[in-house]
Amino acid sequence: MKLSIDDSIQGVPYYPKAALYGADAGWTRLASNENAYAPSPRVIEAMVNALFEVNRYPESELDLKGALALRYGLRSQNFLIGNGSNEMIETALRALKFKGRTGVIVAEPTFAFYRIAAKIYGYDVTSVPLDSFRLDLGRVTERIDERTRVIFLCNPNNPTGTIFSDRAFAAFLKSLPPEILVVVDEAYAEFAEDRLFPRSFTYVDEHPVLVLRTFSKAYGLAGLRIGYAAAEESLVSFIERTKQPFSVNMMALIAAKAALSDERHLGSVLENNRKGRKYFYDAFEALGIEFLPSQANFVLIKVGPDAEALTGRLFEKKILIRWLGAYNLPECVRVTIGTMVENKVFLEALKRLRA
Ligand SMILES: Cc1ncc(COP(=O)(O)O)c(C=O)c1O
């Protein structure tokens, strides 16, 4: 190829796009932290009714923003809606471009897209290693310098499922020098049960914090691509300017509004997750497999030096889990909590392969 490609793009790892494996029936999909259940019947009904209107551009995002404002005690102007929370990560990086301030801080290991997006937009990335699988915010503070512009915090952290506390977060925010945006990605927040989990929405008016949430996980709308972010109003208005006007499609907006309204459905998803987590913990203990207690819909387990081979053998049995070699944890895998049937399929196969 004749075109020269900038180093910032050449350095981005290339994977053939997302998990096409397992899209057909017969696979047990425990690799991508999806929701194993179909969305609320209210979501399906609302989308069916809307099908006849797709000749129009999407309705305004104001309805959904209003519903979110009500839920979190903020104003509609505090919210952004995105094509997945991934879009919010990119739009924030675009809006925060600032001469001489090109530093981004991420934890290691954490969700890979922060680093990828930061590189694409020309930032320099500094990583802060986790401490016994937990993020110590004090260590993040130590890495801040005069070039730091954006700090990504993932809470609960993917792939560990661990959290930092409200108290630690509040102290961290207070100690923050000016001109830095903290993006706190709470994609799995609905699953977190620890009462120390931060009340991040209460900080957005006082501190430069962008809270990210998604409808992809607990609400089961991953295929529709919709997420949201909350921040102080003027910051929201600048980020909004860097976003495509209709990046979120009509079906996604309608589905998200309906999903938010069905607390019972959400409750049953969370209950299944609680039971699945407990089932996994008990089974791993019985098998003598080390695991990290998780505040999310997945569990990190240490299976040993043959973790990659084990993942491959499970794949041959049409069971998808995530080997964590790319996260520098070659002895570990991450398993999503699925339906009870899927959890059992995985565990029985694991037992047989380790026997
Ligand atoms: C921590 C984290 N943030 C964001 C996302 C992406 O979410 P969305 O589907 O809303 O783009 C994921 C998906 O796995 C994730 O693990």
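Residues numbered from 1 in each chain as written. Predicted model: local features only at pLDDT ≥ 70, side-chain atom pairs only at ≥ 80, totals over all residues.

Novice: Where do I start with the site of the ligand in this structure?
Specialist: The immediate surroundings of the ligand are formed by 13 residues, with G84, S85, N86, T214 and S216 found nearest. Considered class by class, the residues forming the shell around the ligand number four nonpolar, eight polar and one charged. (Near = placed C-beta within 6 Å. Nonpolar A, V, L, I, M, F, W, Y, C, P; charged D, E, K, R; others polar.)

Novice: Would you mind going over the domain arrangement of the protein with me for this structure?
Specialist: You'll often see interface size given as the accessible area lost when the parts meet. Domain boundaries assigned for the protein yield domain 1 (20-37 + 264-354) and domain 2 (41-261). Computed from C-alpha atoms alone, the centre-to-centre distance between domain 1 and domain 2 is 25 Å. Counting residues at the interface gives 21 residues for domain 1, matched by 21 residues for domain 2. Listing elements by their share of the side of domain 1 that touches domain 2, those giving two or more residues are α10 (263-287) and β10 (298-302). Here the element with the most residues in the side of domain 1 that touches domain 2 is α10; it accounts for four residues. Across the side of domain 1 that touches domain 2, the residue classes tally to 12 nonpolar, seven polar and two charged. (Domains from an automatic or database assignment. Contact = placed C-beta atoms within 7 Å. Helix = DSSP H or I, 4+ residues; strand = E, 2+ residues; numbered from the N terminus.)

Novice: For this particular structure, what's the right way to read the sheet that holds β10?
Specialist: Strand pairing in a sheet is mediated by backbone hydrogen bonds. Such pairs are either parallel or antiparallel. With respect to topology, four strands assemble into an open sheet ordered β9-β10-β13-β12, the strand pairing being antiparallel. Both edges of this open sheet fall to β9 (290-291) and β12 (322-323), since each of them pairs with a single strand only. Across two bridges, the pairing between β9 and β10 is antiparallel. Counterpart to F291 in the pairing with β10 is I301. (Pairing = 2+ DSSP bridges.)

Novice: When you look at helix α9 (residues 250-261) in this model, what are you seeing that I'm missing?
Specialist: Given 3.6 residues per turn, any residue in an α-helix points the same way as the ones three and four places further on. Compared with the 16 Å implied by 1.5 Å per residue over 12 residues, the 17 Å span of α9 between its first and last C-alpha is a close match. If you check which residues of α9 are buried, you get M251, A252, L253, I254, A255, A256, A258 and A259. At its buried positions, α9 is contacted by α2 (41-50) and α3 (62-72). (Expected span 1.5 Å × (residues − 1). Buried ≥ 20, exposed ≤ 12 C-beta atoms within 10 Å, placed from the backbone.)

Novice: Is there a simple way to think about the nonpolar core in this case?
Specialist: The biggest cluster of nonpolar side chains holds 96 residues, and the ones touching the most others in it are A92, V183 and A255. Taken together, domain 1 (20-37 + 264-354) and domain 2 (41-261) each give at least three residues to this core, which thus spans both. V183 has contacts with I89, A92, V150, F152, L210 and L212, leaving out every residue within four places of it along the chain. (Core = buried A, V, L, I, M, F, W, Y, C linked by C-beta atoms within 7 Å.)

Novice: What am I meant to see in the pairing of strand β4 (residues 124-129) here?
Specialist: Look at any regular strand and the pattern is simple: side chains alternate between the two faces of the sheet. In terms of strand pairing, strand β3 (residues 103-108) meets β4 through six bridges, oriented parallel. By the bridge assignment, V104 is partnered in β4 with V125. Taken together, β3, helix α5 (residues 113-120) and β4 form a β-α-β motif whose crossover is right-handed. (Right-handed = clockwise from strand over helix to strand, strands pointing away.)

Novice: Is there a simple way to explain the packing of α10 against helix α12 (residues 340-354) in this structure?
Specialist: Helix-helix packing: each pair is described by the crossing angle between the helix axes and the interaxial distance. Interaxial distance between α10 and α12 falls to 10 Å at its minimum, and their mutual angle equals 15 degrees. Classified by the interaxial angle, the pair formed by α10 and α12 is roughly parallel. The handedness of the crossing between α10 and α12 comes out as right-handed. Along its contact with α10, which presents G276, Y279, F280, A283 and L287, the element α12 presents M340, N343, L347 and K351. Considering only residue class, the contact of α10 with α12 consists of six nonpolar, two polar and one charged. (Axes fitted to C-alpha atoms, helices over the stretch in contact; angles between N-to-C directions. Parallel < 35°, antiparallel > 145°, perpendicular 65-115°, else oblique. Left-handed = near helix turned anticlockwise from the far one by under 90°.)

Novice: I'm lost on α12 in this one. Help?
Specialist: Compared with the 21 Å implied by 1.5 Å per residue over 15 residues, the 21 Å span of α12 between its first and last C-alpha is a close match. Turning to α12, the residues buried within the fold contact β1 (28-29), α10, β11 (319-320) and β13 (332-336).

Novice: Hey, could you run me through the environment of I105 in this one?
Specialist: Relative to the helices and strands, I105 resides in strand β3. Here the alpha-carbon distance between I105 and S60, two residues 45 residues apart in the chain, equals 34 Å. Here I105 is in contact with T126, V128, V140, R143, T148 and I151, once residues within four sequence places are set aside.

Novice: Looking at this structure, how should I read unusual backbone geometry?
Specialist: If a residue is not glycine, its phi is most likely negative; likewise, a peptide bond is most likely trans. The omega angle of the peptide bond from E108 to P109 is 0 degrees, so this bond is cis rather than trans. With respect to the helices and strands, the residue P109 is situated in the loop between β3 and α5. Within the chain, N33 stands out as a residue other than glycine whose phi angle is a positive 55 degrees. Within the element layout of this structure, N33 appears in the loop between β1 and α2. At S132, a residue that is not glycine, the phi angle is positive and equals roughly 50 degrees. The class of S132 is exposed, set by 8 C-beta atoms lying within 10 Å.

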